Amino acid sequence: MSIRKKLYFWTDERLKIATLVDYMSHKAVPMHGHSIWYYFGGISLFLFIVQVITGIFLLLYYRPGAESAYESVKFIISEVSFGWLIRAIHSWSANLMVFAAFIHMFSVFFTHAYRSPREMTWISGIFLLALALAFGFSGYLLPWNELSFFATRVGTGMAGAIPVVGKFALTLMRGGEDVTGATIGRFFGLHVAVLPGIFAILLSFHLFFIQRQGISEPLEWERNPNTIKKYIPFFPNFILKDILVWLIMLNILAILAVFLPDGISAVHWPLGQKADPFAPPPPVIRPEWYFIFAFQALKILPSHIWFIEGELFGIMVLSGAGVIWLLIPFLAGSFKGGRKPALVIAFGWLVILFIIVMTFLGYVLE
Amino acid sequence: MFGALAKLIRLTFIPAFLLVVSPLPALADKCFDCHSGWEEGDKTPSKLFSHDVHLKNGLGCSDCHGGDPTLDDMDEVRKSRGFKGVPNPAKIPDFCAACHSNPAYMVKHNPALPTDQLEKYKTSIHGKRLYEKGDIKVANCVSCHSVHNIESPEIPTSTVYAQNIPQTCARCHADSAYMKEYGIPTDQYEKFAKSVHGMALLVKKDNGAPACNDCHGNHGATPPGVTSLSAVCGTCHNLIADNFAKSPHKAAFDAMEYPECEACHSNHYIEEPKLYWVGTTDSSLCIKCHAPDDGTRGLATADEISKSLAKLFRSYGQSVAEIADADEKGMMVTDEKFALNEVKQAIIQTRTEVHTFDAARVGVIAESGIATAEKVYKVGQSKIDDYYFRRKGLGIATLLITILAIAIYLKIKSIDK
């Protein structure tokens, strides 16, 4: 008996993996013209794993606090062996994860994979994306440099526009009236403990739903019952393809981290100068690229719309659109006979157009 | 009753109303009304006077030119009390000094302004020629401060604003035809503009850099003589002047009646110091006076100092280039750039210490700079090595991942079959 088989039997004796392998090998993944979109969920997961690993490494040297945060990040990238590489991979994977998660979300939206019985997979996915954005927002402040300080001041300041709870939310986030060392403590705790904990639970649910319900088949198969349906086994065929994509991503990450350790253009994170609350703010303060569309939309609104404050109106409209987006599986109606919901598709394109235009304006109108 | 009320209005409210709405200066000073009426162009006294510091301090035409400003008729004005009219050029300093040399008067308008301008002016070359020889071509108050649009030296449009002073002096001093009879050069402005002082003042717009008046004085403008030159330069370069005064050169220069700073640095065209100035080569300044057999250690000292400086400059140049290279490659060199400032500081210090003409003192500072520069150079080198190591590492990692990816791809293909 080969060593591989011996190892398998040894493990199976203890964990009963034979049933799991049997379950996975009987699971089939539909193959069709849009199968490529299936890989983006896996890419997001891979990049999240990379972030967890690099985040743990960064945690070994990072010291939160107004007097130590900047210095420790500087130490990591200039003195710690491969510290620069770890920080660069952490930052690149964070940005690429958000990008992959957006593609994953829109691909699920336009292939209508959210439809019954996968409503909970969609909702958990939307919350996961929201958590990913919260990871980005909280992590941005941690180097305590000039840009992150002022961007966080503007970002948290927007929360103050929310009626009734705005002032409370702002003080809660900042740990006081202004962004200070207390804010770093809060954001740090959020970034390395609170968010990962919630993320892990939600991610488990998300993956559990996918495993139990299988991967959604295209709507066209329902519309044309005569179509020849092709499947491949989840294990090992699809898993191997997933691993191949992950390896390609790893190569891309390595190249980006080595050639562009501080990022490039709108996606950049140079350490720069230490945050100085008394210094004049830099001429251009921008949040991370994935917040630009919301930031720009709130910025171009007039001071008042009817009797409502412009910023508050913007927050209400964006929040309303977010709730509709979240509840799409329940609002899209019936998909009987492979019917395509034209209104939902139009709404999806409107959202994409809005994000692209606002992001473009956010970078151009400066 | 109504008659009494009407009288009250007529006597109290109407005059009060007129007092508020009527243009008081026009009523009080007729000079403006008439002169602005018939003068044409932008450079006329009435136009220029709107920017004048005297107007801003509440003074009018009659405060300088005398006469009764409430009169309409010019003939009557000429006959009125204290009328001075246009002053004779030879009398302009006294004309201005009537107020400016009167502390009791000046304290009411500008207490910070000195009142000794006329006294100083009389000691200047300009003043001496005017008062002793009656030469009205020399500069008087209005030559520099202008007429009717006199502005405070702090105002950038003022003719005596620091950055405008060289041009103001050059109006006469760079005019070879105008200056012909005085037999002095007229290339001072041209030389000054190219000098380190001129570049700092006129190009970098650094008002801290010296203009003509900082060396020559302003109201007491005098060319500094051989004995006073080091005192003039030492006003700003005090450490250098101090070093020079304690050096063996001081006695030698005094004996030979050499101007101290000017002997090596020239006067108006003062260049950025060059490394080759100190040494024993043909282009060095030391050999102008020293010779191998002159019985002094002059050339030996010059040679030692020259070698120390050359080594310091070489080390600095190499470390700057190395750090720039590392920086360009995207490596973090913030601390090293900061350390290079220490080397630059050492270079500045050696420039001061050179004036002790003590090779040992220069050597100590140079060595400390060289040690820092070499340390920075090594760090720069290690950063560049690290840069190439990263790329080699990336190459190997990418290759391994690619091989693994190809293997998986082949496995997928075989399973699909």
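Residues numbered from 1 in each chain as written. Chains lettered and ligands numbered in written order. Predicted model: local features only at pLDDT ≥ 70, side-chain atom pairs only at ≥ 80, totals over all residues.

Glancing now at the overall build of chain B. In terms of helices and strands, chain B carries 24 helices and zero strands. Looking at chain B as a whole, 22% of its 417 residues qualify as buried. In chain B, the proportion of contacts linking residues at least 24 apart, taken out of those at least 6 apart, comes to 56%. (Helix = DSSP H or I, 4+ residues; strand = E, 2+ residues; numbered from the N terminus. Buried ≥ 20, exposed ≤ 12 C-beta atoms within 10 Å, placed from the backbone. Contact = placed C-beta atoms within 7 Å.)

Quick look at the interface of chain A and chain B now. Between chain A and chain B, the contact holds 16 residues from the first and 16 residues from the second. Of the residues in the side of chain A that touches chain B, the class split is 12 nonpolar, three polar and one charged. (Nonpolar A, V, L, I, M, F, W, Y, C, P; charged D, E, K, R; others polar.)

The next point concerns the confidence of the model for chain A. Confidence in the prediction for chain A averages 92 pLDDT; 100% of positions are at 70 or higher. Taken element by element, chain A is modelled with least confidence in helix H2 (residues 17-26) of chain A, mean pLDDT 84, and with most confidence in helix H3 (residues 39-59) of chain A, mean pLDDT 97. (pLDDT = per-residue confidence, 0-100.)

Ranked by internal contacts, the top residues of the largest apolar core, which has 71 residues, are Leu47(A), Ile89(A), Met97(A), Trp144(A), Leu253(A) and Ala257(A). Considering each element in turn, this core owes the most residues, 15 residues, to helix H5 (residues 83-110) of chain A. Ignoring sequence-local partners within four residues, the contact set of Trp144(A) consists of Ala66(A), Ala69(A), Tyr70(A), Phe149(A), Ile184(A), Lys274(A) and Ala275(A). In this structure, Leu309(B), Ala346(B), Val354(B) and Ala359(B) belong to the second largest nonpolar core, which totals 23 residues. (Core = buried A, V, L, I, M, F, W, Y, C linked by C-beta atoms within 7 Å.)

The phi angle of most residues is negative, glycine excepted, and most peptide bonds adopt the trans form. With omega at 10°, the peptide bond leading from Ser116(A) into Pro117(A) counts as cis. Among the secondary structure elements, Pro117(A) is positioned in the loop between H5 and helix H6 (119-141). Put simply, Phe235(A) and Pro236(A) share a cis peptide bond, and its omega is 0°. Take Pro236(A): it is sitting in helix H11 (residues 234-259). Positioned with a positive phi, Trp306(A) is a non-glycine residue whose angle comes to about 55°. With respect to the element layout, Trp306(A) can be found in the loop between strand E5 (304-305) and strand E6 (308-309). Positive phi outside glycine occurs at His148(B), with the angle close to 70°. Following the sequence through the fold, His148(B) ends up in the loop between helix H12 (141-145) and helix H13 (165-173). Overall, His148(B) belongs to the partly exposed group, with 19 C-beta atoms counted inside 10 Å.

Residues and elements named next belong to chain A. In the contact formed by H3 and H11, the axes pass within 10 Å of each other and the chain directions differ by 50°. Compared by their axis directions, H3 and H11 come out oblique. Helix-helix and strand crossings are classified by hand; for H3 and H11 the assignment is right-handed. Contacts between H3 and H11 involve Tyr-39, Gly-42, Ile-43, Phe-46 and Val-50 on the former and, on the latter, Asp-242, Val-245, Trp-246, Met-249 and Leu-253. When grouped by side-chain class, the residues that make up the contact of H3 with H11 number eight nonpolar, one polar and one charged. (Axes fitted to C-alpha atoms, helices over the stretch in contact; angles between N-to-C directions. Parallel < 35°, antiparallel > 145°, perpendicular 65-115°, else oblique. Left-handed = near helix turned anticlockwise from the far one by under 90°.)

This part takes up the packing of helix H22 (residues 298-328) of chain B against helix H24 (residues 359-416) of chain B. Residues and elements named next belong to chain B. Where H22 contacts H24, the two axes come as close as 8 Å, and the packing angle between them is 20°. The angle between H22 and H24 falls in the class roughly parallel. Remark: the crossing between H22 and H24 carries left-handed chirality. Across the contact of H22 with H24, the residue classes tally to 14 nonpolar, nine polar and six charged.

Residue and element names in this part refer to chain A. In this fold, Gly-348 is placed in helix H15 (residues 342-364). Separated by 242 residues in the primary sequence, Gly-348 and Phe-106 place their C-alpha atoms 7.9 Å from one another. If near-sequence neighbours (up to four positions away) are discounted, Gly-348 is found in contact with Phe-109 and Phe-110.

On to the environment of Leu299(B). Residue and element names in this part refer to chain B. Within the secondary structure, Leu-299 sits in helix H22. A count of 19 C-beta atoms within 10 Å places Leu-299 in the partly exposed class. Note: C-alpha distance between Leu-299 and Ile-287 (12 residues apart in sequence) is 7.5 Å.

Along the polypeptide, Phe208(A) turns up in helix H9 (residues 181-213). Of the residues examined, Phe208(A) has 13 C-beta atoms within 10 Å and is grouped as partly exposed.

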